[in-house]
Each structure stands twice: as C-alpha cells, then as structure tokens.
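Tertiary structure, described
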Amino acid sequence: MNSTQIRISYADTDQMGMVYYGNYLTYFERGRTEWLRELGFDYKSVEARGLYLPVLHAECNYHAPAKYDDIITIETKLTNITAASMTFNCQVKANGKLLVSGSTKLTMVNASFKPVRIPADIKSILEQNLES
C-alpha cells in the first residue's frame, strides 16, 4: 500500500467550501502514480514502450467532506490483476477519518488502443505487490 499526503487547495473546493466531488478521482490518480513510482517505474516508462493504462471503471463512495487546507492521505493498493487489467482500491482520509473510498480499474492497451497483455516484467512486479 502507498500513502500519499496532499494539502487541499482553495481551487479544489466548491462554493460550499468542500472538495468538489469529481476531484477525488484526480486524487485516486495521484495515489496510483505514486504507488507505481514507489515500485520503481512510472507512467512515462510504460508509455515509452507504446503502452497505456486508460481507466475502464471508477467508483467513489463519499463518507465525509474534505475542506480547504485539510491535509489528506490517499491510501492506494492493488487488489486485482488479470492478463490485461488491474484494479486499485483507494481510501482518502483526514486525521484518520475515512472521507472517500473507491476503486479504479485500468486496462493495458497499445498505441492503437487495442487491449494487450500486461508485459511479463511489469506483471511480475504488480503480482509481488498485490493485496487483498
């Protein structure tokens, strides 16, 4: 599991002073990016191989709001991997309180956006970091 902390900026909030709901998917992306970076590779290195990871499905469950200047923690873990896809679960917390939980499912595609198998070297690293 990777934990990434960020401070909520004013631009992330809506007129009610809470984080705009759609921004949580951006936070999930930040968490995935840092999770991959922690393993020693990033999206740039995957894309340099002519491979991409578009999101197939995203889900968010809202439990409590984050507000301007809060420091949030994005907890990200890989929970499923198949021949061509992977699923990440995310939790966003502030002061130990669960704010948002959800998941994203991504698939591996080539430059023509055709699904392809995850290369063996990448899949091996992912499998070593799979959590239930």
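Residues numbered from 1 in each chain as written. Predicted model: local features only at pLDDT ≥ 70, side-chain atom pairs only at ≥ 80, totals over all residues. Heavy atoms only, no water.

On inspection of all chains with the given rule, the structure shows 7 aromatic pairs. Considering the side-chain rings of Tyr24 and Tyr27, the 5.5 Å spacing of their centres and the 90° angle between planes classify their relative orientation as edge-to-face. A residue pair is termed a helical-turn pair when its members lie 3 or 4 positions apart in one helix, as Tyr24 and Tyr27 do in helix H1 (residues 23–38) at 3 residues. Judged by relative accessible area, Tyr24 falls into the buried class, the value being 2%. (Phe/Tyr/Trp six-rings, centres within 6.5 Å; stacked < 30°, edge-to-face > 60°. Helix = DSSP H or I, 4+ residues; strand = E, 2+ residues; numbered from the N terminus. Buried < 20%, exposed > 50% of the residue type's maximum accessible area, 1.4 Å probe, protein only.)

This part covers the side chain of Thr13. Relative to the elements of secondary structure, Thr13 occurs in the loop between strand S1 (2–7) and H1. Looking at Thr13, its side chain comes within polar contact range of the main-chain oxygen of Tyr10, at 2.7 Å. Contacts of Thr13, omitting those with residues within four sequence positions, involve Ile8, Met18, Val19, Tyr20, Lys67 and Tyr68. (Polar contact = N/O pair within 3.5 Å; in protein donor to acceptor, adjacent residues only side chain to side chain. Contact = heavy atoms within 4.5 Å.)

So, about empty space enclosed by the protein. Empty space left among the atoms is revealed by rolling a probe the size of a water molecule over them. This model, assessed by the stated rule, comprises 1 cavity of 30 Å³ or more. Considered as a void within the structure, the largest cavity measures approximately 30 Å³ in volume. Lining the largest cavity, in full, are Leu36, Phe41, Val46, Leu53, Met86, Met108, Ile122 and Leu126. Residues belonging to the lining of the largest cavity are distributed by class as follows: 8 nonpolar, no polar and no charged. (1 Å grid on protein atoms, 1.4 Å probe; cavity = no way out; pocket = protein on both sides within 12 Å on 5 of 7 lines; lining within 4 Å. Points joined across faces, edges and corners; volume = space filled by probe spheres on them. Nonpolar A, V, L, I, M, F, W, Y, C, P; charged D, E, K, R; others polar.)

A complete count under the given rule lists 6 salt bridges for this structure. For Arg37, the salt bridge identified is with Glu34, shortest N-O distance 3.5 Å. With Arg37 and Glu34 both in helix H1, this residue pair falls 3 residues apart, about one helical turn. Overall, Arg37 belongs to the partly exposed group, its relative accessible area being 43%. Note on Glu34: relative accessible area 29%, which makes it partly exposed. (Salt bridge = Lys/Arg side-chain N within 4 Å of Asp/Glu carboxyl O.)

All right, on to the environment of Gln5 then. With respect to the helices, strands and loops of the structure, Gln5 is situated in strand S1. Residue classification places Gln5 among the exposed residues on the basis of a relative accessible area of 58%. Measuring from C-alpha to C-alpha, the distance between Gln5 and Arg30 comes to 9.8 Å, with 25 residues separating the pair along the chain. Excluding anything up to four places from it in sequence, Gln5 contacts Ile71, Ile72 and Thr73. Reaching out from Gln5, the side chain makes a polar contact with the side chain of Thr73 at a distance of 3.3 Å.

On to the nonpolar core. Formed by 16 residues in total, the largest nonpolar core has its most connected members in Met86, Ile118 and Leu126. Of all elements in the fold, only H1, helix H2 (43–47), strand S4 (71–81), strand S5 (85–94) and helix H3 (120–128) reach the threshold of two or more residues within this core. The contact partners of Leu126, leaving out residues within four places of it in the chain, are Trp35, Leu36, Phe41, Leu78, Ile81, Met86 and Ile118. Counting 15 residues, the second largest nonpolar core, distinct from the first, contains Ile6, Val19, Val92 and Ala94. (Core = buried A, V, L, I, M, F, W, Y, C linked by side-chain atoms within 4.5 Å.)

Taken by themselves, the reported measurements are silent on function.
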